[in-house]
Amino acid sequence: MKIACVGGGPAGLYFSILMKRQDPSHEITVYERNPAGSTYGWGVTYWAGLLDKLRAGDPESARAVDEASVRWTDGVAIVRDERTVHRGDEGFGIGRRRMLTLLAERAEALGVRVVFEHGIPGPDAPELADADLVVAADGVNSALREAYAGHFGAEVATGRNPYIWLGTTKVFDSFSFAFKETEHGWIWCYAYGFSGEQSTCVVECAPETWKGLGLDTRSEADSLHLLEKLFHDLLDGQPLIGRGQEAGAAQWLTFRTLTTRVWHRGNLVLLGDAAHTTHYSIGAGTTLALEDALALADALRAGGDLDGALARYGARRRAELLSAQSAARYSARWYENLPRYMRLPPAQMFALLGQRHSPLLPHVPPQLYYRLDRAADGLQPLRNLKRWLGPRLARTLHARSR
């Protein structure tokens, strides 16, 4: 096949690798509008299960990603200046730029043509005219998807809280949180290492806190100075790093959750953020995009007509995404309702932070939920009830919200 992949993010590059490994005679071009080495974002997170899938898809790129990643096992939270630790599963962090470089190098080594600084404005672009398959991996603002917006049925839900992606020279050896109470409300930070030199920091707060602290009008330099003061104990005096726009406004965002009803049209198929997004607080965006690439390659390997393969891919991934989308929805709401949990002692609050994906938690008083959860750890019947009730409540609430 002749394959045109629009977008050189993790999903598009990894899909091109998988297809070249399946059949080196595929003619594959990846078009990326940005220069090589240019990307927004600091580091990305993933868990051990993804590495197993990547090893099955392409051992060489999996090994390169593994070797370039940092690891942690503990979660640390600072709540009201009290530090608490939670033991958890092993997690991984890697610089987004580093991951893209590794995947691009692997793709090119296999014979994929990767073209930087080459945007594709829409499905009628001449570069796509004779492609057997066009992969829209061009992100949440996908021009290819929006050209057929009515067909794909994209829906976007905008979150309530402003947030900002930042870096820091403080190197974290655990996934770390800090929650600070100000006269205008709570503001909090998630932080994790992605190399031996830098870490990612995501700062979030309610709109009224954001405005009350003047973060809606401060320059980037003033915003970073204020945030460094607020999170001084988390950062150990290390600076925060923005996007180099000291005289301009800081790049605060509100998260947009994207869902799409259909994932392909003719020979055009959606991949990664062009098809779906999940709230950053569950740290699954890159994982889900790479899993899309694996699923699409699997569907095409199975043979049959192209339309049938693309339909199978879309149906499979929409079903597989349900649990992640549910977890992301509840996680975002947990933070949007943060004051509900801040009356608990710090250790209990941090325990419920780990339970924020639960569909039961919003409907049970936090103190009672904490006690029931601790009791369930020692009683198998209670654990079974929780596992049985949670998914059913989630499906019922999701159906009512549609």
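Right, let's walk through the structure included here. For clarity, every value in this text was computed on a predicted model and none was experimentally measured.

Details of the overall build of the chain
Then, number 1: A tally of regular secondary structure across the chain gives 14 helices and 15 strands.
Then, number 2: In terms of C-alpha radius of gyration, the chain reaches 22 Å, essentially the compact-globule figure of 21 Å for 402 residues.
Then, number 3: With respect to the principal axes defined by its C-alpha atoms, the chain has extents near 60 × 55 × 40 Å.
Then, number 4: Each of the 402 residues in the chain was classed as buried or not, and the buried ones make up 52%.
Then, number 5: When contacts within the chain are restricted to residue pairs at least 6 apart in sequence, long-range pairs at least 24 apart make up 71% of them.
Then, number 6: With the model as given, the accessible surface of the chain reaches about 18100 Å², and the carbon-plus-sulfur share is 51%.
Then, number 7: Here the chain contributes 46 positively and 46 negatively charged side chains, and the mean placements of these two sets differ by 7 Å.

Notes on the environment of L268
Then, number 1: Considering the arrangement of structural elements, one finds L268 in strand 15 (residues 268–270).
Then, number 2: Remark: the alpha-carbon pair of L268 and E291, spanning 23 residues in sequence, is separated by 18 Å.
Then, number 3: Dropping the residues within four chain positions of it, L268 is found in contact with V134, A136, L144, Y148, F152 and W263.

Comments concerning the side chain of K180
Then, number 1: Position of K180 relative to the elements: it lies in strand 9 (residues 175–182).
Then, number 2: Here K180 falls in the buried class, since its relative accessible area comes to 8%.
Then, number 3: Setting aside chain neighbours within four positions, we find K180 in contact with I78, D81, G185, W186, I187, L230, F231 and D233.

A few points about the pattern of salt bridges
Then, number 1: In total, this model carries 21 salt bridges according to the counting rule given.
Then, number 2: Residue R71 is joined to D66 by a salt bridge in which the shortest nitrogen-to-oxygen separation is 2.1 Å.
Then, number 3: Note that D298 and R316 form a salt bridge whose closest N and O atoms lie 3.5 Å from each other. Of this pair, D298 sits in helix 10 (residues 285–301) while R316 sits in helix 11 (residues 306–336); the two residues are 18 residues apart in sequence, bridging distant segments of the chain.
Then, number 4: The network of salt bridges with common partners includes K53, E291, D292, D298, R301, R316, R317 and E320.

Some points on the pairing of strand 7 (residues 133–136)
Then, number 1: Of the two faces of strand 7, both are covered, the one formed by L133 and V135 as well as the one formed by V134 and A136.
Then, number 2: Where strand 7 and strand 15 come together, three bridges link them in parallel fashion. Its bridge partner lying in strand 15, V134 is registered against L268.

Considering the pairing of strand 5 (residues 82–95)
Then, number 1: Bridge count for strand 3 (residues 43–47) against strand 5 is five bridges, and the pairing is antiparallel. Of the residues in strand 5, the one forming a bridge with V44 is I94.
Then, number 2: Both strand 4 (residues 70–79) and strand 5 contribute to a ladder of nine bridges, which runs antiparallel. By the bridge assignment, V76 is partnered in strand 5 with V85.
Then, number 3: Connecting the antiparallel pair strand 4 and strand 5 is a turn made up of two residues, with R80 showing a positive phi of about 50 degrees.

Topic: unusual backbone geometry
Then, number 1: One non-glycine residue, R80, adopts positive backbone phi at about 50 degrees.
Then, number 2: By secondary structure assignment, the location of R80 is in the loop between strand 4 and strand 5.
Then, number 3: In this structure, E117 is a non-glycine residue whose phi angle is positive, near 55 degrees.
Then, number 4: When you line up the elements, E117 lands in the loop between strand 6 (113–115) and strand 7.
Then, number 5: Residue E117 is classed as exposed on the basis of its relative accessible area of 60%.

Description of the sheet that holds strand 6
Across a sheet, strands are paired by hydrogen bonds formed along the backbone, either parallel or antiparallel in direction.
Then, number 1: Read from one edge of the open sheet, six strands run 6-2-1-7-15-14, paired in mixed fashion. Both edges of this open sheet fall to strand 6 and strand 14 (264–265), since each of them pairs with a single strand only.
Then, number 2: Strand direction decides the pairing type here: strand 2 (residues 27–31) and strand 6, joined by three bridges, are parallel. Pairing of V30 across the sheet is with V114, part of strand 6.

Digging into the packing of helix 3 (residues 59–67) against helix 4 (residues 96–110)
Then, number 1: With their axes 10 Å apart at the nearest point, helix 3 and helix 4 run at an angle of 155 degrees to one another. Classified by the angle between their axes, helix 3 and helix 4 sit roughly antiparallel to one another. Pair helix 3 / helix 4 crosses with right-handed handedness. Within the contact between the two elements, helix 3 uses E60, S61, A64 and V65 and helix 4 uses M99, L102, L103 and R106.
Then, number 2: Classifying every residue of the contact of helix 3 with helix 4 gives five nonpolar, one polar and two charged.

So, the packing of aromatic side chains
Then, number 1: On inspection of all chains with the given rule, the structure shows 20 aromatic pairs.
Then, number 2: An angle of 10 degrees between the planes, with centres 6.4 Å apart, marks the rings of F177 and F179 as stacked.
Then, number 3: Seen in terms of ring centroids, Y190 and Y335 are 5.1 Å apart; in terms of plane orientation they differ by 80 degrees. Their pairing is edge-to-face. Residue Y190 is found in strand 10 (residues 185–193), and its partner Y335 is found in helix 11; the two are separated by 145 residues along the sequence. Neither residue differs from the other here; Y190 and Y335 are each classed as buried.
Then, number 4: The lysine or arginine in question, K170, covers the ring of F172, its NZ or CZ lying 5.5 Å from the ring centre.
Then, number 5: The residue whose ring lies beneath R265 is Y148, and the NZ or CZ to ring-centre distance is 3.8 Å.

A closer look at helix 8 (residues 220–230)
Then, number 1: Those residues of helix 8 lying buried are E220, S223, L224, L226, L227 and L230. One face of helix 8 carries all of its buried residues, which in axial projection span an arc of 165 degrees.
Then, number 2: Elements in contact with the buried residues of helix 8: strand 8 (155–168), strand 9, strand 10, strand 11 (199–205), helix 9 (232–235) and strand 12 (240–241).

Reading the values: rules and limits
- Each chain has its residues counted from 1, following the order in which its sequence is written.
- The model is predicted, so local features are restricted to residues of pLDDT at least 70 and side-chain atom pairs to those at 80 or more, both for listing and for counting; the totals for chains, interfaces and linings are taken over all residues.
- Excluding hydrogens and water, the side-chain values take into account all heavy atoms of the structure.
- Elements are defined by DSSP. Helices are runs of H or I of four residues or more, strands are runs of E of two residues or more, and each kind is numbered from the N terminus.
- As a reference, a globule follows 2.2 Å times the number of residues to the power 0.38, and the radius of gyration itself is taken over C-alpha atoms.
- Buried residues are those whose accessible area, probed at 1.4 Å on protein chains only, stays under 20% of the maximum for their type, while exposed residues exceed 50% and partly exposed ones sit between those limits.
- Contacts between residues were defined by any pair of non-hydrogen atoms, one from each residue, lying within 4.5 Å.
- Per-residue accessibility takes into account occlusion by the displayed protein chains alone, with areas from the Shrake-Rupley method and a 1.4 Å probe.
- Residues scored as positive are Lys and Arg, those scored as negative are Asp and Glu, and His as well as the terminal groups of each chain are ignored.
- A charged residue contributes its charge at one atom only: NZ of Lys, CZ of Arg, CG of Asp or CD of Glu.
- Any Lys or Arg side-chain nitrogen located within 4 Å of an Asp or Glu carboxyl oxygen qualifies as a salt bridge.
- The pairing criterion is simple: DSSP has to find at least two bridges between the two strands.
- For helices, the axis comes from a line fit to the C-alpha atoms of the stretch in contact; other axes are also lines fit to C-alpha atoms, and the angle between any two N-to-C directions lies between 0 and 180 degrees.
- An angle below 35 degrees is read as roughly parallel, one above 145 as roughly antiparallel, one from 65 to 115 as roughly perpendicular, and any other as oblique.
- Handedness of a crossing follows from how the near helix is turned relative to the far one, being left-handed for an anticlockwise turn of less than a right angle and right-handed for a clockwise one.
- Residues are sorted three ways: Asp, Glu, Lys and Arg are charged, Ala, Val, Leu, Ile, Met, Phe, Trp, Tyr, Cys and Pro are nonpolar, and all the rest, Gly among them, are polar.
- Ring pairs shown here join Phe, Tyr and Trp side chains whose ring centres sit within 6.5 Å, with only the six-membered ring taken for Trp; geometry is labelled stacked below 30 degrees between planes, edge-to-face above 60, and tilted in between.
- Geometrically, a charge over a ring is one whose NZ (Lys) or CZ (Arg) sits within 6 Å of the ring centre while staying within 35 degrees of the ring normal.
- Note: the arc covers the axis-to-C-beta directions of the helix.

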